[in-house]
Amino acid sequence: MALSRRDFLKASAAAAALAAATGGRLGVDDAEAAEGGLKWGKAPCRFCGTGCGVLVGVKDGKIVATKGDPAAPVNKGLNCIKGYFLSKVLSGKDRLTKPLIRKGNRMVEASWDEAMSLIASKFKESIAKHGPDSVAIFGSGQWTVFEGYAAAKLFKGGIGTNNIEPNARFCMASAVTGFMSTFNSDEPMGCYDDLDLGDTYFLWGANMAECHPVLFSRLIDNRLKNQKVKIIDFGTRHTRTSQMADMYIRFNPQTDLALLNGIAHIIVRDKLYDESFIRKHVVFKKGKTNIGYGLEDKFKFADDPKPMSFDEYREFLAPYTPEYVSRLSGVPVNTIEEVARLYADKKRKVNSLWTMGFNQHVRGTWVNNLVYNVHLLTGKICKPGENPMSLTGQPSACGTAREVGTFTHRLPADMVVTNEEHRKKAAEIWGVPVEKIPAKPTYHATEMFRALDRGDIKVLWVQVTNPFQSAPNLSRYRKGARKGGGRFIIVSDIYPTRSTELADVILPSASWVEKEGFFGNAERRGQQWFKMVDPPGEARNDLWQTIELAKRLGYGNLFPYRYVEKEIFEEYRKFTVGGKDLAPYEAYTRARGLRWPYVNGKETLWRYAEGYDPYVKAGEGVKFYKNKPTDGRAVIWARPYEPAAEVPDKQYPFWLCTGRVLEQWHTGTMTGRVPELKRAYGTAVCEMHPDDAKRLGIKQGGKVKLTSRRGSIVLTADLRGRGKAERGNVFVAFFDENKLINELCIDAYCPISGEPDYKKCAVKVEKA
Amino acid sequence: MKTTRRLLLCLLLLLSCALPVRADESEEDLEKAARMAESTPPVIPHRVEAGSSGEACLACHRDGIKGAPATPHPERLDCVQCHVQGEVKVKKSKKGKH
Ligand code: SF4
């Protein structure tokens, strides 16, 4: 990084000031005085996929304040409590500041040169002995676009392995396969404007009030202005969201599949569908059924889509009568009828919103398909204020993991390694021989940790995530990591975590505004920020770390950049031309984010819609132009109800669901360092229904022991917390590093997406 | 007054400056935004029942009765999105945890 962007800016600013003789700098000084010498910069929030804009106040090289950015269209000045405390997130007392190398049971300080030499030698040795598929990198939806891109280029284009996965496989993969199978293009058609413009909102397995608080506030705001607005919360647990919704519809875990087919059943039965929309824009397909749960190592699945007619689809729906669906789901027949009518009401602008309830699901792809079915049947899609909208959990799950394509099977911009044309295009832009990029995907996240446990993967580098707290069936994978036998684990992070404790080398990283960055949020909005402060001690950013390894492995020529971030971005941008177009880098430095496709200086609010999407021609109205194989039509899928991988029985009679709370983000490594957030919600508890507790002799605040087939844990019982468990269900948040609830979770996954189901497994509940 | 001076300076700068001034302009803009922005919301210094928000909070905080500070934004209903439980100052409640 010969020339830092900050230096460049400073220089040009100084030059400008000089040219102006007295200089407009006075104005700045003036303002600095008013704010006590603070200098302000813009950045997206470090946490959730909402992507709120924040203003970062820096003084004497330290972050001293953060504020919700009033000029940011996402949040219009508002943040949630995590955003308000961003200024404290990077300055915890135990920041990692020096590389550490394992010597027996101790981690010993080392220089960067020693650490990187050791890492490079382990990579070389493993590749020489066991081939390129014995080394791997596991990153996340918190990777900046540059970091994800560099990692993908090094592993796929340099080392020649598809062993790259993000933790987004644990949270977004089903949304991706849902989009791909229905529209043949990832990412939503709508945007956050729909939260202000619609009047009917179905939330499915989404506790927005805690997990996407600012978006939820936009909904509540909309309702305050518009009497017609209805928020209907489908859930298996009564949350803060349910409390503020107009209607809470409790259903039995896994029966969302049946409910959505039931809703479609009524829409088709009563001819409430939009016939001309279906004729013009839809095809029908069915895939395999009884598709399994991925519980065995090396499980493989390939769907076999077959076309079907509308009549055949109607026959498929026939069994999903309101009565049958009611019996399965526990939702009254009347409610199912009412909801179907709301979905189909021509005078209502209907939106569906969902997150982990749908995605972390052994039929995650199917349930994503099924919600699109309802919108496609009714034609309520690709219109302002009327769309299905998948929400994301990480700040750049969309921008990096999905769009850059840091999955084993993917290449940038919706391309896949299995397609020769795609490999050719990638190889050309990367400047590598096409044979370098392997045509076969290797392991998705869960299988990657299984491969490490088996010893098929020897060297694993973890960046910007904490899988040894967040993986399901955790005990197996934690043990696997420390089995020896040539296994070597590198973890880059900013604090000690449950993953760094298993590492052979720990690398201290720079985070957020300690480096230049770029995230893409859930509404296709790319947001750039500049480096504002130095990282502490010797910490360095992950991008530098990856490129440093590349150099030491002899792939330095793949990264010939001077202004690394900008040049990487411009190179990546070449992939996006023709549908997922990104703007030039400079445009993002000035804007509060831009939504792709960005064509002729304009962002796109609604994809596939005439008048908004530059790729839809006049007269086409709506065109799903990315779906070339179906001639620009979206797919309505016949996907049946199939049960969860593990259901409660005599021995393990409760459903266990895991998730998040407002104050703590994911595994709590950052939010856990903020005293205010820790005080507000510091320890994971077990939410349960008071009747269940009474029956088992468990009191509020008493101890309760949960046991699954995979592990057990003791927690404090919470019978009247913010979330209220339904009878027969317990809920535990996964942020707490001292309460590894994921040891109990099953590592069953959706065979199509590979995403595990963290929401459903069977447990025994006892007084402890 | 300050604003007029700044405007004048900006104008001067624009008129006299041949070089691009992007960086300066956006710094100005960010500072302006920061002045408009709200600061960190205060934590809640008293006990709250789990699940309280919105109307329950506004009962006192809408107009500021019983010594409660009046909220500048009664239209925002998801209070606990921004205001979390802080240290409890008054020892009024007889209940234990949670
Ligand atoms: S955590 Fe999410 S909702 Fe909260 S401020 Fe950050 S981006 Fe916004």
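The model shown is predicted, which means the values in this text are computed figures rather than measured ones.

Parameters at a glance
Residues numbered from 1 in each chain as written. Chains lettered and ligands numbered in written order. Predicted model: local features only at pLDDT ≥ 70, side-chain atom pairs only at ≥ 80, totals over all residues. Heavy atoms only, no water. Helix = DSSP H or I, 4+ residues; strand = E, 2+ residues; numbered from the N terminus. Rg over C-alpha atoms; globule rule 2.2 N^0.38 Å. Buried < 20%, exposed > 50% of the residue type's maximum accessible area, 1.4 Å probe, protein only. Areas by Shrake-Rupley, 256 points an atom, 1.4 Å probe, with all protein chains shown as cover. Lys, Arg positive; Asp, Glu negative; His and termini not counted. Charge placed at Lys NZ, Arg CZ, Asp CG, Glu CD. Disulfide = S-S within 2.5 Å. Pairing = 2+ DSSP bridges. Axes fitted to C-alpha atoms, helices over the stretch in contact; angles between N-to-C directions. Contact = heavy atoms within 4.5 Å. 1 Å grid on protein atoms, 1.4 Å probe; cavity = no way out; pocket = protein on both sides within 12 Å on 5 of 7 lines; lining within 4 Å. Points joined across faces, edges and corners; volume = space filled by probe spheres on them. Nonpolar A, V, L, I, M, F, W, Y, C, P; charged D, E, K, R; others polar. Near = heavy atom within 4 Å. Sits in = over half its atoms within 2 Å of the grid points. Phe/Tyr/Trp six-rings, centres within 6.5 Å; stacked < 30°, edge-to-face > 60°. Lys NZ or Arg CZ within 6 Å of the ring centre and 35° of its normal. Polar contact = N/O pair within 3.5 Å; in protein donor to acceptor, adjacent residues only side chain to side chain.

A. Quick look at the overall build of chain A. Across its full length, chain A carries 28 helices and 31 strands. Taking 768 residues into account, the globule formula puts the C-alpha radius of gyration at 27 Å, and chain A, at 25 Å, falls close to it. Taking the principal axes of the C-alpha coordinates as reference, chain A spans close to 70 × 65 × 60 Å. Counting every position in chain A, which comprises 768 residues, the buried fraction comes to 67%. Per element, the accessible surface of chain A, about 25,000 Å² overall, is 52% carbon and sulfur. Positive and negative charge centroids in chain A, built from 114 and 88 side chains respectively, lie 2 Å apart.

B. The overall build of chain B, seen in detail. Of regular secondary structure, chain B possesses 3 helices and 0 strands. The linear arrangement of helices and strands in chain B, starting from the amino end, is α-α-α. Carbon and sulfur atoms make up 63% of the accessible area of chain B, which amounts to about 6,700 Å² in all.

C. Geometry of the state of the cysteines. Tallied over the full model, the rule gives 0 disulfides over all chains. In this structure Cys171 of chain A is a free cysteine whose sulfur lies 9.2 Å from that of Cys398 of chain A, the closest cysteine sulfur available. Looking at Cys171 of chain A, the relative accessible area reads 8%, which means it is buried. As a non-bridged cysteine, Cys82 of chain B has Cys80 of chain A as the owner of its nearest cysteine sulfur, 7.3 Å distant.

D. Representation of the sheet that holds strand E24 (residues 634–638) of chain A. Residue and element names in this part refer to chain A. Read across the open sheet, the 3 strands follow the order E13-E12-E24; overall the sheet is mixed. Strands at the two margins of the open sheet, each flanked by one partner only, are strand E13 (306–308) and E24. Going across the sheet, the axis of each strand differs from the next one's by a mean of 45 degrees, ignoring polarity. As judged from the 5 bridges shared by strand E12 (residues 282–286) and E24, these two strands associate in the parallel manner. Opposite Val283, over in E24, you have Val635 as the bridge partner. Of the strands in this sheet, E12 and E24 touch helix H18 (residues 364–378), which is tilted by about 120 degrees from E24.

E. Focus on empty space enclosed by the protein. Residues and elements named next belong to chain A. A full pass over the atoms with the stated rule returns 8 cavities of 30 Å³ or more. One number sums up the size of the second largest cavity: a volume of about 90 Å³. Around the second largest cavity, the lining residues are Cys45, Phe47, Cys48, Thr50, Gly51, Cys52, Asn79, Cys80, Lys82, Gly83, Pro213 and Val214. Those elements giving two or more residues to the lining of the second largest cavity turn out to be helix H3 (81–84) and helix H10 (213–225). Of the residues in the lining of the second largest cavity, the class split is 7 nonpolar, 4 polar and 1 charged.

F. The pairing of strand E31 (residues 761–767) of chain A, seen in detail. All names here are of chain A. Bridge count between strand E25 (residues 654–659) and E31: 3 bridges; the pairing is antiparallel. Counted as the bridge partner of Trp655 is Ala762 from E31. Both strand E27 (residues 703–707) and E31 contribute to a ladder of 4 bridges, which runs antiparallel. Across the sheet, Thr707 pairs through a bridge with Lys764, a residue of E31.

G. Local environment of the site of the ligand. Residues and elements named next belong to chain A. Neighbouring the ligand are Cys45, Phe47, Cys48, Thr50, Gly51, Cys52, Asn79, Cys80, Lys82, Gly83, Pro213 and Val214. A majority-of-atoms criterion places the ligand in the second largest cavity. Those elements that place two or more of their residues in the shell around the ligand are H3 and H10. Of the residues contributing to the shell around the ligand, the split by class is 7 nonpolar, 4 polar and 1 charged.

H. Local environment of the packing of aromatic side chains. All names here are of chain A. For the coordinates displayed, the defined rule picks out 47 aromatic pairs over all chains. Across from the ring centre of Phe731, 3.5 Å away, lies the NZ or CZ of Arg237, which sits over that ring. When the ring centre of Trp637 is taken as origin, the NZ or CZ atom of Arg639, which lies over that ring, is 3.9 Å away.

I. Structural context of helix H24 (residues 542–552) of chain A. All names here are of chain A. Burial of H24 is extensive: 9 of the 11 residues sit out of reach of the surface. Where H24 is buried, its residues touch helix H5 (112–130), helix H6 (145–159), strand E18 (459–463), strand E19 (488–493), strand E20 (505–508) and helix H25 (564–576). Between the side-chain oxygen at the start of H24 and the backbone nitrogen of Leu543 there is a gap of 2.7 Å, and the oxygen is on Asn541. Taken from the residues just after H24, Gly554 is the one with a positive phi, measuring 90 degrees.

J. Molecular detail of the environment of Thr335 of chain A. Residue and element names in this part refer to chain A. Tracing the chain through its elements places Thr335 in helix H16 (residues 333–344). Judged by its relative accessible area of 15%, Thr335 falls in the buried class. With sequence-adjacent residues up to four places away left out, Thr335 is seen in contact with Met247 and Ile249.

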